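This is what each chain is made of:
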Amino acid sequence: MKHKLDWMRGCATALVTPFTPDGSIDEAALTRLIEYQITSGVKLLVPCGTTGESATMTEEEDQRVIKRTIERAKGRAHVIAGTGSNSTAAAIQNSKIARELGTDAVLVVAPYYNKPTQHGLYAHFRAIAEAVDVPIVIYNVPGRTSCNIAADTTLRLARDCENIVAVKEASGNLSQIMEILRDRPEGFKVLSGDDAITFAMIALGADGLISVASNEAPELMARMVNLALEGKWSEARELHYQLLPLMEVNFIESSPGPVKAGLAMMNLIGENFRLPLVPIQEKSRAQLRVVLAELGLLREASHATT
């Protein structure tokens, strides 16, 4: 299976989940966002991840978002559905349902809160891999989970489990990432989980990115990643630095607060959250607006929703 996933390369968007003012899923806004991504050149969509606020969504809501994404993407983009949980049994069930809905792969985050050992992490992911016939992307984001998946654990899983096909690495630890890149088995993909170090990761051999900033700037982010993958380093570097302020301002407060505010400024979604997330402060909002305007994204918003 690892050798057949050539499509798992380039820029993927970690989709936000739009909500209405009463807190329900805004399917019309989700459809607009998906269309904006696909028509702007993004070929990989990732619903129900961290950026999608999956932690406050019900299983039924997750399924609705995944289903809608698959339906809209059909024949135009691949879908990697977020199905992780700190319960191994729940992650297995979520992954089975996503597979039945038609997802191309699943993104499974390291178990949060439990703080398992490396042996526990290995057992968790191996159990999911053995229970579900679907390509699996491991998601390592210790800043969110309080649990780092060590390079050795990732590499063991990559070698031992045929359907563990990739890792989304958001540890920010380049030494760890380089160890995975150096020793990974043939066909195993390494995707950046951090917009700001994607250029560096691709220079080291990574295959792409699962991005927050591509929600707002899909065409620019996809182009930057593709240029880097093609070895056009000067052009990619120029775009990287052009986009860096957006990559940074999206994390000026807890994500996805800023990116949702940005998309609201672009008239793509409403700026609605579920507690404990709240709208960003006015100072942050002003900084975000300047960055979006400098990238020309506020001008693009008028035709993005038509």
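The structure reproduced in this document is the subject of the present report. (Residues numbered from 1 in each chain as written. Predicted model: local features only at pLDDT ≥ 70, side-chain atom pairs only at ≥ 80, totals over all residues. Heavy atoms only, no water.)

### Focus: the pairing of strand 6 (residues 164–169)
Move 1: Counting buried positions over the 6 residues of strand 6 gives 6, a clear majority of the element.
Move 2: Pairing geometry for strand 5 (residues 136–140) and strand 6, over 5 bridges, is parallel. By the bridge assignment for strand 6, isoleucine 136 is matched with isoleucine 164.
Move 3: The pairing of strand 6 with strand 7 (residues 189–192) spans 4 bridges and is classified as parallel. Bridging across to strand 7, glutamate 169 finds its partner in serine 192. (Buried < 20%, exposed > 50% of the residue type's maximum accessible area, 1.4 Å probe, protein only. Helix = DSSP H or I, 4+ residues; strand = E, 2+ residues; numbered from the N terminus. Pairing = 2+ DSSP bridges.)

### A word on the sheet that holds strand 8 (residues 208–211)
Move 1: A barrel is described by the order of its strands in space; here 8 strands give the closed sequence 1-2-3-4-5-6-7-8, paired in parallel fashion. Neighbour to neighbour, the strand axes of the sheet diverge by 25° on average, direction disregarded.
Move 2: Judged from the 4 bridges that link them, strand 4 (residues 105–109) and strand 5 form a sheet pairing that is parallel. Bridge pairing links leucine 107 to valine 137 in strand 5.
Move 3: Against the sheet, helix 7 (residues 174–183) makes contact with strand 5, strand 6 and strand 7, and its axis sits at roughly 160° relative to strand 6, the strand it touches most. (Axes fitted to C-alpha atoms, helices over the stretch in contact; angles between N-to-C directions. Contact = heavy atoms within 4.5 Å.)

### Regarding the pairing of strand 8
Move 1: In strand 8, alternate side chains face the same way, and those of Gly208 and Ile210 on one face and Leu209 and Ser211 on the other are all buried.
Move 2: Bridging between strand 1 (residues 10–14) and strand 8 involves 4 bridges; their strand directions are parallel. Note that in strand 8 the partner of glycine 10 across the bridge is glycine 208.
Move 3: For strand 7 and strand 8, the ladder comprises 2 bridges, and the chain directions are parallel. Of the residues in strand 8, the one forming a bridge with serine 192 is leucine 209.

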